[in-house]
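# Topology and contacts: notes
Read off the chains here:
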Amino acid sequence: MDFPCLPGSHLISDVGWGCMLRSGQMMLAQAFVIHFLGRDWRKTVDYSSKTIYQQIIRYFGDCFCDDCPFSIHKLVGFGHMLGRETGDWFGPASICVALRDALEQARHSGLLSQLVIYLTLDCTVYKKDVIDLCAGEEALSHPVNSSLPPVTVTASAPAPSPLESPPTPESQPFSRSENTSDTVTKSFVNDISLVDSCQEQNSVKSSEDLWRSVIILMPLRLGSETLNEVYIPCIKKLLDNDLCIGIIGGRPKHSLYFIGWQDDRLIHLDPHYCQKAVDVLKEDFATETFHCLFPRKLSFTKMDPTCAIGFYCKTRQDFERLVTELPKVIDQPDLKNSPMFSFVDGNRSDIEQGCLYSMDTF
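Here goes a summary of the coordinates provided. (Residues numbered from 1 in each chain as written. Predicted model: local features only at pLDDT ≥ 70, side-chain atom pairs only at ≥ 80, totals over all residues. Heavy atoms only, no water.)

### Structural notes on the sheet that holds strand E8 (residues 306–313)
- The strand order across the open sheet formed by seven strands is E1-E3-E8-E4-E5-E6-E7, and the pairing between neighbours is mixed. A single partner strand is all that each edge strand has here, and the edge strands are strand E1 (115–119) and strand E7 (296–299). Shown here is a sheet whose adjacent strand axes are inclined to one another by a mean of 35°, direction ignored.
- Taken together, the eight bridges between strand E3 (residues 213–221) and E8 define a ladder with antiparallel strand orientation. Across the sheet, residue Pro219 finds its bridge partner in E8, namely Ala308.
- In this fold helix H4 (residues 92–106) packs onto E1, E3, strand E4 (244–251) and E8, with an angle of close to 150° to the strand it touches most, E1.
- Each of E4, strand E5 (254–262), strand E6 (265–269) and E8 is contacted by helix H8 (residues 232–240), which is oriented at about 80° to E5, the strand it contacts most. (Pairing = 2+ DSSP bridges. Helix = DSSP H or I, 4+ residues; strand = E, 2+ residues; numbered from the N terminus. Axes fitted to C-alpha atoms, helices over the stretch in contact; angles between N-to-C directions. Contact = heavy atoms within 4.5 Å.)

Quick look at the structure:
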């Protein structure tokens, strides 16, 4: 709360309408942490990755400026293109589109240039489309390793999933930002320049380096009014997969970010804890409120059937492994007639044209 007014409104808070936007931010932030710092990274008291970590948080700061390309202000702006007014509630599919468009706009500069989002439109992943997106002309013209140089992290007890929200027993993550300015400190700019320099020095001109890392977002509907329980074993196996970055969904009109499961319950992070905004454009802003020490649980049977699942593939080998492993996960006897999603060879456009041609020549 208390962030700069959202475009076209007097709103200075997302209370009552912004929970799906916050859940989407959390899942994207988790993908960034894995992309830049690795899946095993944890926030510790003394760590050498502070600059990179703060930059990830800065991307989501609550202000309408280019330094925060995934702010709620920016995402609301992309929502306008989808017919969403400022203050309207987003669904899982809408926030996936907004995140994809925001990254497309932001990745033409800096650290995000080697990262893309692939969004499924009909619960189908067209493999050739993903390959074209990740190994297209722009990737060929920027043969730089998309990961940052290795970071030495001080050993400590494992912390909760990286970028989620405040340490409170009621556990409801994600934070805000206040008194934002349009100027990033000189020292921060120099730090990021050093990071870019390290990237160039560590680049290896191999075929793998021509591959842009990809976040795959799949909006799904797993039932009519309530979750069809035949999907529960699949959801568990998908969340177990190390390429999965979670599920955004929740219960009706109450978005949650699902990160795991235990017994018959989903482990989730909840964006409904309202906090004061944080000025992420300061040189050394506080980061404590961006984490949740107490994740909560929700029964599978209370999960809304409308959701979106995310995967992160750093390399082409990761994508090929995803294509091999996921069909086995969703190949359940009870789902023969209604699979969660599918992988198809070729491009979507080519397949659609082939179908139309077949119809014309029938």
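From this point, the narrative continues.
### A few points about the pattern of salt bridges
- Within this structure, the stated rule accounts for ten salt bridges.
- Here Asp242 makes a salt bridge to Arg321, at a shortest N to O gap of 3.0 Å. Separated by 79 residues along the polypeptide, Asp242 in the loop between H8 and E4 and Arg321 in helix H9 (residues 316–330) bring together distant segments of the chain.
- Overall, the relative accessible area of 38% leaves Asp242 in the partly exposed class. (Salt bridge = Lys/Arg side-chain N within 4 Å of Asp/Glu carboxyl O. Buried < 20%, exposed > 50% of the residue type's maximum accessible area, 1.4 Å probe, protein only.)

### A short note on a positive patch on the surface
- Together, Arg251, Arg265, Lys297 and Lys302 give the surface a local cluster of positive charge.
- Classification of Arg251 by relative accessible area gives partly exposed; the value is 35%. (Patch = residues over 30% accessible without salt bridge, like charges linked within 9 Å, V, L, I, M, F, W, Y side chains within 5 Å. Areas by Shrake-Rupley, 256 points an atom, 1.4 Å probe, with all protein chains shown as cover. Lys, Arg positive; Asp, Glu negative; His and termini not counted. Charge placed at Lys NZ, Arg CZ, Asp CG, Glu CD.)

### Structural notes on helix H1 (residues 19–37)
- Helix length check: H1 (19 residues) gives 26 Å between terminal C-alpha atoms against 27 Å at 1.5 Å per residue, within 8%.
- Judged by how many residues are buried, H1 sits mostly within the fold: 19 of 19 residues are covered.
- Remark: Gly38 follows H1 within two positions and exhibits a positive phi of approximately 100°. (Expected span 1.5 Å × (residues − 1).)

### Overview of the pairing of E4
- With seven of eight residues buried, E4 lies mostly within the body of the structure.
- In terms of strand pairing, E4 meets E8 through four bridges, oriented antiparallel. Across the sheet, the residue bridging to Ile247 is Ile309, located in E8.
- Across five bridges, the pairing between E4 and E5 is antiparallel. In the strand pairing of E5, Ile247 is matched with Phe258.

### Some points on the packing of H8 against H9
- For the pair H8 and H9, interaxial distance at closest approach is 9 Å and the crossing angle is 155°. Viewed along their axes, H8 and H9 adopt a mutual orientation that is roughly antiparallel. Crossing of H8 against H9: the hand is right-handed. Contacts from Cys234, Lys237 and Leu238 of H8 reach H9 at Leu326, Val329 and Ile330. (Parallel < 35°, antiparallel > 145°, perpendicular 65-115°, else oblique. Left-handed = near helix turned anticlockwise from the far one by under 90°.)

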